[in-house]
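Results of the structural survey
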Amino acid sequence: MFNGSFSDTWQANEKTGRPRKGVFEDLVDERRQRGDLGWVLRTRRSVPSPAFCAAGTSAASAAIKSSKSPADINRDVLSSDRLTYGLREISLETGRPMPELMSEAGAILDEMSHCLSMFAIRSFGYAVAKVMKRIYRGVFVNTEGITQLRKACSEYPVVLMPMHRSYADFLLLSLVCYDYDLPLPAIASAMDFMGMQLIGSILRNCGAFFIRRSFATDRVYWLTFVEYVKTHVRDGLHPVEFFIEGTRSRTGKSLYPKTGMLGAILESWFMCEVPDVYLVPVSISYDRTLEQKLYAYELLGVPKPKESTSGLLKARALLDEDFGSVHFYFDQPISLRKFATEYGGVDRSVHSLAPKVKAQLTDAETRMLKAMAHHVVSRHCLNAVVSPFCLLAALLLADGRACRPVPLTELAADLEWLRLRLADVGSLASLDWPAQLSTEAVIAEQCRLHSDLVTLLTKDQAVALVTAPDSDLEARAAQRLQLSSYRNHIMCHVIELALYDAATLKSSDGGLGAAAVFDTLRHLLHREFPTISDAEEMPDMADALPRLRNFARACLRPSLAGCSQVCSVLLEQPELAAQSSERHIAMAAQKRAFANLVSNPSLWDDWESVSLDLLVNAVHGLHRLRILTKSRGAAATGDGGSSCDFERLRRLHLILDPLTRTQPDGVHEVPSTRSRL
Amino acid sequence: SMPDDSKSDEKPSGSDKETAKDSVFKRPSVIPKHRQDLLKWNGWGYQDSQFAVTNQRTLTFTGQRYQLSGSEMPALVEWMEKALGASIDQRSPAKFTRPENIPPPVQVNADFMSAIRQLGLSHSDAGPDRLFRGHGHTLEEMFTLREGMFPRLPDLVVWPTSHREVVELVNLANRCGVVLIPFGGGTSVTGALLCPSGERRMIVSLDTSQMNRILWLDERNLIGRFEAGIIGQDLEARLAELGYCIGHEPDSLEFSSLGGWVATRASGMKKNVYGNIEDLLVHVTFVTPTGVIEKSCAAPRVSVGPDVHHLIMGSEGSLGVVTEVTLKIRPLPQTRRYGSLVFADFASGVRCLRELALRRCAPASVRLMDNEQFQFGHALRPAASGWTTAFVDAVKRFYVTRVRGFKPDELAVATLLYEGTPEEVAQQEALVNSIAANHGGISGGEENGRRGYMLTFVIAYLRDLGLDYYCVGESFETSVPWDRVLDLCRNVKLRIKEECRSRGVTQPVLSTCRVTQTYDAGACVYFYFAYNYRGLPDPVHLYEEVENAARDEILANGGSLSHHHGVGKIRQRWYSRSVSEPAVAAVRAVKSRLDPNNVFACGNLFEPAGGPDGQTEQKAKL
């Protein structure tokens with residue numbers, strides 16, 4: 001980690017000649033200076049390979065090689081004890097003959113496996129580099145992280161765990177690995193791409209392997225998948241790369257982590273098949289996300305276009321846009337063994353009694369798996385570089401401030417305040433703040449970059465939102481969701497304070513006591529903000545500055561408004577819970593929110609209550625609070641049908657009610673507090 | 001049938017034979033009663049045998065006892081530098097301790113003293129006698145001898161000469177409130193001989209070494225009765241003169257005693273033919289404070305309740321003392337033949353051993369060394385004695401590395417020992433070689449095998465050399481199912497290195513293993529590790545932490561707490577976890593019933609209930 005903004009240290013890296021910015025260096029500049037052909041043809045030197053599998057100590061295969069062809073990997077998977085054992089079990093239970101099951105596993109493997117080739121990486125890298133130069137001002141990487149990653153790659157198997165904000169994530173990450181002479185990752189990808197002609201096979205050649213979205217009940221698939229992943233971990237030749245969030249976050253917030261893939265990786269350590277594993281969280285932040293607008297419509301429920309090559313070609317218009325910079329922060333590799341020691345309670349020797357092929361995670365191991373997943377997501381958020389626009393968006397959205405243009409000087413003052421306060425709190429260590437510019441100039445620059453969302457009215461010297469006409473409700477909502485996605489980047493830094501603030505607000509406690517309210521909100525929002533700590537006790541943040549508290553409160557309010565919306569719709573339509581799935585409840589709440597907005601567009605915070613993501617998370621929260629309980633039959637089929645504790649729902653609604661109303665003392669309306677700072 | 005008649009033709013007949021036999025039976029031990037007359041007081045083995053620097057760059061092994069003795073090993077210094085970062089110029093000699101500096105006895109029980117004088121039991125309270133019996137051979141104990149002194153030594157050494165005298169001694173100790181710690185060969189590597197620090201009673205070392213007779217041989221049934229203090233080399237040498245052997249060969253064979261083997265559940269390298277101690281043992285006599293435990297017959301197998309032999313084996317001196325043992329004996333094998341195999345890597349070697357076990361055709365001994373040990377063995381090679389040897393070596397090397405493509409830094413070597421009739425051995429060798437070929441193994445010749453086994457006895461001396469040059473080292477072992485052998489070996493070796501590194505060891509760490517036994521269901525693995533501690537404050541504590549971490553790793557990988565060294569004091573923390581709470585409670589119950597006054601208060605396996613000194617605790621309460 002680094003402290004303070006890293007702005008004032010622009011310099012060239014002495015060794016590489018690359019421009020540096022604090023702990024980061026830029027890859028793109030060099031590509032602009034020199035041709036790409038030499039770059040893709042060059043010899044990669046001293047690519048690290050892990051010592052643990054050297055010198056004939058590996059159990060994996062008879063001949064130990066420093067590289068292994070994709071066909072070798074598949075052969076090892078199919079001949080592995082674990083797969084054979086698992087298939088035999090299935091065969092005994094179902095009566096299906098072994099050859100049939102083996103060929104099924106073979107077919108699954110053909111569908112799944114990557115076909116990593118350096119030739120493909122180099123050719124595709126050429127194209128990606130061209131695009132990268134065109135749309136990004138810079139691609140910044142923390143070099144210390146690369147050094148640590150390189151060392152990790154020379155010791156134990158490495159798992160790259162990037163944030164997922166864009167399709168560009170894994171393309172750029174592979175490019176970074178290529179550029180720094182690191183082993184190229186095998187990337188777990190969703191099946192969405194596989195259907196795309198050409199692109200599907202290009203990605204396969206670049207190391208992508210494809211996983212179906214849901215296969216919990218398909219045992220053959222599960223077995224093959226786990227063994228495929230574990231084979232990579234055991235061999236240690238290619239880092240496995242996967243997205244713990246499962247899919248791209250459309251909201252700018254972290255998604256609730258998925259544990260299936262991580263479970264397969266951890267299993268290889270729990271079963272002692274590897275001495276240790278390094279997990280490397282990679283935070284990726286884009287000044288602007290390629291898919292920003294698309295995401296907003298998806299959140300509204302407008303169906304996502306199916307990935308197709310022709311669709312990609314249409315996206316060519318994007319090539320003329322400016323997407324600012326990208327920042328990669330490679331976190332310090334987490335040793336699985338050390339994490340387990342600190343976490344405690346995991347005793348691998350319990351697996352000693354059954355044969356190794358009967359691997360199954362214990363309860364303690366499953367708990368650790370979840371903790372690990374949350375830990376990685378927290379590291380993502382903590383390390384992610386934050387662009388000034390995120391602060392700007394948060395300020396504009398707080399307390400309905402941007403419903404009219406905000407004077408530039410006032411906004412600049414607030415931005416300066418927020419920047420310094422957050423840095424003080426220590427939670428925002430990685431603000432990408434250009435030091436040479438005045439705050440006003442920074443705002444102007446951000447308005448230029450995000451001209452589709454905000455505009456600087458030069459005549460009035462004020463900042464205004466770009467808004468669609470009132471009549472186009474959907475477009476307005478989409479704009480709002482885009483803006484809020486930037487605010488969401490900093491939510492992880494203020495969420496704890498916001499929860500503390502909500503819990504200690506006199507009007508909200510309803511006789512429950514602050515700790516109980518805190519606990520309720522924590523559970524209600526556990527999916528919305530997966531970084532909320534699982535600590536038992538409410539933190540004491542009484543000495544937080546009132547103005548910062550107000551700001552945090554305003555940031556959280558839209559989420560609580562969404563929860564309140566769900567409560568209202570369930571109270572108004574009592575039959576909804578029993579009949580509908582989570583998504584249906586969310587859609588009903590969305591309908592209600594839209595109706596409210598039609599009648600009263602000035603309901604500022606309700607503009608985000610139309611996000612299905614937020615509403616589904618709220619329904620999950622109600623489940624977590626056991627206000628909604630899946631009925632027996634429904635739990636099996638997975639669709640709809642929950643029983644609802646209306647009494648507790650009503651109480652929750654009462655708690656939420658004061659929290660969702662804008663307080664009179666908004667962030668910008670109390671100049672007197674400034675003197676106290 | 002017995003070869004009894006044919007033998008009588010060759011041997012002196014009648015009473016002459018009996019007399020000769022008798023003299024063999026009662027011959028004094030190679031190791032003198034006062035061990036300090038022959039053995040090192042602060043290192044391993046004989047005083048005359050040690051690694052020594054002849055000039056700046058060459059090491060030699062002194063004395064005439066071993067095959068290696070007298071030869072120079074030019075590559076050893078270089079190996080020490082490479083593998084451990086040790087320098088021949090950086091010496092860390094042992095501190096000199098005078099006999100008068102050995103702390104005097106702290107507790108003398110007057111009743112006990114007068115009683116043993118009355119009984120005429122041989123005893124001594126001389127410093128060197130007590131010091132030799134106050135420790136075993138763990139690194140910590142050796143380091144203590146070199147750098148300081150033990151906090152407590154036995155207050156007296158007693159040498160009973162028969163089962164009857166032991167019974168009297170145990171009764172006496174029980175009556176007088178004296179602690180007895182049985183002592184056999186002193187080769188324990190579990191801290192089992194250390195005096196418990198909290199013990200406030202008089203501690204007496206019960207040295208069984210003068211009970212070293214062969215009592216009788218039963219050639220019809222191929223069993224023999226021995227006193228428990230007989231040491232391995234005496235036992236085998238005497239039996240060999242009579243045409244027999246036991247075939248139990250732990251690495252400590254030269255010094256360890258029969259009673260010690262029984263008390264620790266020992267294992268010998270030739271167990272594939274002869275079995276481990278539990279397979280060899282037919283009958284045992286065990287003296288406890290509440291009486292003598294023994295079975296009423298010497299039948300080959302019985303079903304008479306839980307086998308009490310299995311309470312005695314592994315009791316590690318905490319329940320009583322072994323006085324006499326009936327073991328199986330075997331006619332000496334007609335042929336003994338060494339062999340070796342070279343594999344491309346350790347994994348191939350393990351797969352070959354697994355197949356040998358699967359087909360139950362493993363020779364008397366088979367051991368697989370990893371690459372680091374192969375390199376070490378190489379470093380111990382004497383200077384080539386002539387151009388023919390050098391030429392043959394070069395040809396061999398060419399074949400292995402060039403023709404077969406084995407990488408010198410990856411290959412692994414197995415050493416083999418065949419025993420039996422010439423036909424049996426030939427047949428077995430052919431089979432083993434064909435199985436090895438299935439796994440890419442090629443024969444490495446007989447001489448390499450012979451050297452491998454010879455090094456077994458010399459390797460223990462090497463630690464003393466290391467200690468002279470800032471290097472501490474230790475070995476430990478485990479047993480593990482076949483499917484976990486490779487993972488365990490790799491993970492433990494790496495864990496050792498990482499733990500050393502994370503504790504500030506900057507020089508290379510030697511971390512190496514070998515598979516020393518094969519079983520139907522798994523294997524025994526032996527680890528060696530050593531590091532250079534120059535510049536580090538507390539090498540022994542660091543070493544302990546690393547060994548504990550390595551043991552945790554072993555257990556996590558499905559390995560056992562110990563294959564044959566035992567629990568002693570240094571592995572107590574895992575004992576309960578290894579056998580379950582009720583099992584510990586059962587052993588404790590046996591202990592409190594057999595030894596209510598905690599006479600055998602060595603504190604091995606577990607600390608006695610109510611602290612190390614149960615009796616004193618009780619008195620304090622009164």
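All values reported here derive from a predicted model rather than from experimental measurement. (Residues numbered from 1 in each chain as written. Chains lettered and ligands numbered in written order. Predicted model: local features only at pLDDT ≥ 70, side-chain atom pairs only at ≥ 80, totals over all residues. Heavy atoms only, no water.)

Here we take up the domain arrangement of chain B. All names here are of chain B. With domains assigned, chain B is organised as domain 1 (102–330 + 571–605) and domain 2 (335–457). Once you take the C-alpha centre of each, domain 1 and domain 2 turn out to be 37 Å apart. Taken together, the 9 residues of domain 1 in the interface contact 12 residues of domain 2. Carbon and sulfur atoms make up 54% of the area that domain 1 and domain 2 hide from each other, which totals about 820 Å². Across the domain 1-domain 2 interface, the total number found is 2 salt bridges. Notably, a salt bridge pairs Arg367 with Asp251, separated by 2.9 Å at the nearest N-O pair. Linking domain 1 with domain 2 are 4 residue pairs in polar contact (both at pLDDT 80 or more). Split by residue class, the side of domain 1 that touches domain 2 holds 4 nonpolar, 1 polar and 4 charged. (Domains from an automatic or database assignment. Contact = heavy atoms within 4.5 Å. Buried area = accessible area lost by both parts, 1.4 Å probe. Salt bridge = Lys/Arg side-chain N within 4 Å of Asp/Glu carboxyl O. Polar contact = N/O pair within 3.5 Å; in protein donor to acceptor, adjacent residues only side chain to side chain. Nonpolar A, V, L, I, M, F, W, Y, C, P; charged D, E, K, R; others polar.)

Residue and element names in this part refer to chain A. Note on placement: Asp331 falls in the loop between β10 (325–330) and β11 (334–335). What makes Asp331 buried here is its relative accessible area of 4%. Within the structure, Asp331 has its side chain in polar contact with the side chain of Arg379 (distance 2.7 Å). At 3.3 Å, the side chain of Asp331 and the side chain of Asn383 are in polar contact. If sequence neighbours within four positions are ignored, Asp331 has contacts with Gln148, Val280, Pro281, Arg379 and Asn383. (Helix = DSSP H or I, 4+ residues; strand = E, 2+ residues; numbered from the N terminus. Buried < 20%, exposed > 50% of the residue type's maximum accessible area, 1.4 Å probe, protein only.)

Right, let's get into empty space enclosed by the protein. Residue and element names in this part refer to chain A. Tallying each qualifying case throughout the model produces 14 cavities of 30 Å³ or more. As a volume, the second largest cavity reaches approximately 340 Å³. Along the walls of the second largest cavity sit 32 residues, with Arg165, Gly252, Lys253, Ser485 and His489 positioned nearest its centre. Counting only elements with at least two residues in the lining of the second largest cavity, the list comes to β9 (278–286), α12 (292–300), α19 (473–488) and α20 (491–504). It is α19 that provides the largest number of residues to the lining of the second largest cavity, a total of 5 residues. When the residues that make up the lining of the second largest cavity are grouped by side-chain class, the tally is 15 nonpolar, 13 polar and 4 charged. The residue makeup of the lining of the second largest cavity includes at least three contributed by each of domain 1 (10–51 + 71–287 + 356–383) and domain 2 (473–676). (1 Å grid on protein atoms, 1.4 Å probe; cavity = no way out; pocket = protein on both sides within 12 Å on 5 of 7 lines; lining within 4 Å. Points joined across faces, edges and corners; volume = space filled by probe spheres on them.)

This part takes up the packing of aromatic side chains. For the coordinates displayed, the defined rule picks out 27 aromatic pairs over all chains. Aromatic side chains A:Phe209 and A:Tyr228 sit 5.2 Å apart centroid to centroid with 75 degrees between the ring planes, which places their arrangement in the edge-to-face category. With A:Phe209 in strand β7 (residues 208–211) and A:Tyr228 in helix α10 (residues 219–235), this residue pair connects regions lying 19 residues apart in the sequence. Each member of the pair A:Phe209 and A:Tyr228 is classed as buried. Among the aromatic side chains, those forming a connected cluster through ring pairs are B:Phe476, B:Phe527, B:Phe529, B:Tyr531 and B:Tyr543. Across from the ring centre of A:Trp604, 4.6 Å away, lies the NZ or CZ of A:Arg480, which sits over that ring. The ring of B:Tyr46 carries the charged tip of B:Arg65 above its face, separated from the ring centre by 3.7 Å. (Phe/Tyr/Trp six-rings, centres within 6.5 Å; stacked < 30°, edge-to-face > 60°. Lys NZ or Arg CZ within 6 Å of the ring centre and 35° of its normal.)

Residue and element names in this part refer to chain A. Applying the stated criterion to the full structure yields 0 disulfides over all chains. Cysteine Cys390 shares no disulfide, and the gap to the nearest cysteine sulfur, in Cys492, comes to 10 Å. Here Cys403 stays free of any disulfide, with the sulfur of Cys555 as its closest cysteine sulfur at 16 Å. Residue class for Cys403 comes out exposed when judged on its relative accessible area of 53%. (Disulfide = S-S within 2.5 Å.)

What follows deals with the nonpolar core. Residues and elements named next belong to chain A. Tyr136, Met261, Leu262, Phe328 and Phe330 are the most contacted members of the largest nonpolar core, which has 101 residues in total. Each residue touching Leu262, except ones within four places of it in the same chain, is listed here: Met161, Phe242, Ile244, Leu279, Leu369, Met372 and Ala373. Counting 81 residues, the second largest nonpolar core, distinct from the first, contains Leu415, Leu465, Leu521 and Phe529. (Core = buried A, V, L, I, M, F, W, Y, C linked by side-chain atoms within 4.5 Å.)

It is worth spelling out the sheet that holds strand β6 (residues 179–183) of chain B at this point. All names here are of chain B. Reading across the sheet, the 4 strands line up as β4-β5-β7-β6 and stay open at both edges, with mixed pairing between neighbours. With partners counted over all chains shown, the strands left at the sheet margins are β4 (122–124) and β6, one partner each. Adjacent strand axes in the sheet meet at a mean angle of 25 degrees, parallel and antiparallel pairs treated alike. Looking at chain direction, strand β5 (residues 156–159) and strand β7 (residues 203–207) are connected through 3 bridges and run parallel. Counted as the bridge partner of Val157 is Ser205 from β7. Helix α4 (residues 110–119) rests against β4, β5 and β7 of the sheet, and its axis sits at about 25 degrees to β5. (Pairing = 2+ DSSP bridges. Axes fitted to C-alpha atoms, helices over the stretch in contact; angles between N-to-C directions.)

Below, the discussion takes up the UniProt feature "domain: FAD-binding PCMH-type" (unreviewed entry) in chain B. Here the UniProt feature "domain: FAD-binding PCMH-type" (unreviewed entry) sits at residues 150–332 of chain B. Summarising residues 150–332 of chain B: 23% helix, 26% strand, and an end-to-end C-alpha distance of 43 Å. (UniProt positions renumbered as here; feature names shortened; annotations may be inferred.)

Turning our eyes to something else, we now look at the interface of chain A and chain B. Contact with chain A, which involves 24 residues of that partner, is made by 23 residues of chain B. For the chain A and chain B pair, buried surface summed over both sides reaches about 2,100 Å², with 41% attributable to carbon and sulfur atoms. Between chain A and chain B we count 9 residue pairs in polar contact (both at pLDDT 80 or more) in total. Residue composition of the side of chain A that touches chain B, grouped by class: 11 nonpolar, 7 polar and 6 charged.

Going through the model one piece at a time under the given rule, you end up with 94 salt bridges over all chains. The partner of B:Glu553 in a salt bridge is A:Arg348, and the shortest N-O contact between them spans 3.2 Å. Residue B:Glu553 is found in helix α19 (residues 539–556), and its partner A:Arg348 is found in the loop between α14 (336–343) and α15 (363–383); the two belong to separate chains. Using a relative accessible area of 1% as the deciding quantity, one classes B:Glu553 as buried. B:Arg146 is the salt-bridge partner of B:Asp468, the closest N and O atoms lying 2.8 Å from each other.

All names here are of chain B. Following the UniProt record, one finds the feature "active site" (unreviewed entry) at Tyr526. A relative accessible area of 9% means that Tyr526 is categorised as buried. Beyond its immediate sequence surroundings of up to four residues, Tyr526 is in contact with Ser475, Phe476, Glu477, Thr512, Cys513, Arg514, Thr516, His564 and His565.

Let's shift gears to the environment of A:Leu570. All names here are of chain A. By the secondary structure assignment, Leu570 is in helix α22 (residues 546–572). Judged by its relative accessible area of 1%, Leu570 falls in the buried class. Residues Leu570 and Trp269, spaced 301 residues apart in sequence, show a C-alpha to C-alpha distance of 45 Å. Ignoring any residue separated from it by four or fewer positions in sequence, one finds Leu570 in contact with Leu576, Ala577, Ile585, Leu622, Leu628, Phe646 and Leu649.

Residues and elements named next belong to chain A. Strands sit in the order β12-β14-β13 across an open sheet of 3 strands; the sheet is antiparallel. The open sheet has two edge strands with one neighbour each: β12 (406–407) and β13 (454–457). As judged from the 2 bridges shared by β12 and strand β14 (residues 462–465), these two strands associate in the antiparallel manner. Directly across from Val406, in β14, lies its bridge partner Val463.

As a further point, take the domain arrangement of chain A. All names here are of chain A. Domain parsing of chain A yields domain 1 (10–51 + 71–287 + 356–383) and domain 2 (473–676). For domain 1 versus domain 2, the distance between C-alpha centres works out to 34 Å. Counting residues at the interface gives 15 residues for domain 1 and 14 residues for domain 2. The contact between domain 1 and domain 2 buries some 1,200 Å² in all, and 57% of this surface belongs to carbon and sulfur atoms. The largest share of the area that domain 1 buries against domain 2 comes from Thr251, Lys253 and Tyr256, three residues that together contribute 49% of it.

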